[in-house]
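Remarks on the overall topology
For reference, the chains in residue letters:
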Amino acid sequence: MAFRTFATMQLQEISTLIARDFKLEMRQKHSIGGVVLYVMATIFVAYLSFRQIVDPNTWNALFWIIVLFAAFNATAKSFWHDRPGLAIYWYTMAAPQSVILAKMVYNTLLMNVLGLLSLLFFVLFMGPAALEDCHWPSLFTAIVLGCTGLGSALTMIAAVASKTNNAFGIMAILGMPVILPLLLSIIRLSQHAMVGIALSDSWKNALFTGMITVISVTLAYVLFPYLWRD
């Protein structure tokens, strides 16, 4: 009974914090608009350079490079809204675990939207030639798994970087060792999907991606309360 009550309270706190982040995003539309504009502009520049990409490997690599930089831009601002006084206020109103989980859920949803938008723009600009043999359910699954992993891992790193004077620079330094194995797994998973290999035949990469996401969430849940008290 006590655990159920605690879980219910935490879910209420998480939903409230997600709604608060969404309202802040709507008030500052230039922030998310800048990330979407970055994605569109980068894909358009790639279109001007290549016109059409036929090779699935090149298509896949360029796609995830764009998504990766969009992920850094989207998640780096996760804790910029929380000024010191506001952070103290939230410390008295919500559990730190609820705060970090709410940030992770919000950034994961944001990253999935950006990932699917990037896929749409990529197909429109680059053409579907590289996707003739694509297994679309596996590709969508790979993008969702990859964006979820990027969103959760980078949120944890953004929390650490927010305690420094150069948050974006520190985030880039800390992020690469964590993101690199995740990115390699995502690239293999989506590469297999693009050549027609079903997800059931590349389940090891999917499992590895999911494990990194679970580890990121677990570490953030355990360690963030100590970080937030500083």
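Here is what the cut-offs are and how they apply
Residues numbered from 1 in each chain as written. Predicted model: local features only at pLDDT ≥ 70, side-chain atom pairs only at ≥ 80, totals over all residues. Heavy atoms only, no water. Helix = DSSP H or I, 4+ residues; strand = E, 2+ residues; numbered from the N terminus. Buried < 20%, exposed > 50% of the residue type's maximum accessible area, 1.4 Å probe, protein only. Contact = heavy atoms within 4.5 Å. Phe/Tyr/Trp six-rings, centres within 6.5 Å; stacked < 30°, edge-to-face > 60°. Core = buried A, V, L, I, M, F, W, Y, C linked by side-chain atoms within 4.5 Å.

1. Brief notes about the overall build of the protein chain
- Looking only at helices and strands, one finds eight helices and zero strands in the protein chain.
- Along the chain direction, N to C, the helices and strands of the protein chain fall in the order α-α-α-α-α-α-α-α.
- In the protein chain, which comprises 230 residues, the share counted as buried stands at 47%.
- Long-range pairs, those at least 24 residues apart, make up 86% of the contacts in the protein chain with a sequence separation of at least 6.

2. Comments concerning the environment of Tyr-38
- Summarising the element assignment, Tyr-38 is placed in helix H2 (residues 29–50).
- Looking at Tyr-38, the relative accessible area reads 27%, which means it is partly exposed.
- The spacing of Tyr-38 and Asn-73 is 35 residues in sequence and 9.3 Å in space, taken between C-alpha atoms.
- Ignoring anything within four residues of it in the chain, the contact list for Tyr-38 reads Ile-66, Phe-69, Ala-70 and Asn-73.

3. Some details on the environment of Leu-139
- Take Leu-139: it is sitting in helix H6 (residues 136–161).
- By relative accessible area, Leu-139 is classed as buried at 3%.
- For Leu-139, the residues in contact, after removing those within four places along its chain, are Leu-119, Leu-131, Cys-134, Ser-190, Ala-193 and Met-194.

4. Comments concerning the packing of aromatic side chains
- A full pass over the atoms with the stated rule returns eight aromatic pairs.
- An angle of 85° between the planes, with centres 4.8 Å apart, marks the rings of Trp-59 and Phe-122 as edge-to-face. Remark: Phe-122 occurs in helix H5 (residues 96–126) and Trp-59 occurs in helix H3 (residues 56–75); sequence separation between them is 63 residues.
- Judged by its relative accessible area of 0%, Phe-122 is buried.
- What links up through ring pairs into an aromatic cluster is the set Trp-59, Phe-63, Trp-64 and Phe-122.

5. Points about the nonpolar core
- Membership of the largest hydrophobic core comes to 61 residues, with the highest contact counts inside it found for Trp-59 and Leu-150.
- Per-element accounting of this core gives the leading share, 13 residues, to H5.
- Ignoring any residue separated from it by four or fewer positions in sequence, one finds Trp-59 in contact with Ile-53, Leu-119, Phe-122, Val-123, Met-126, Gly-127, Ala-130, Leu-131 and Met-194.

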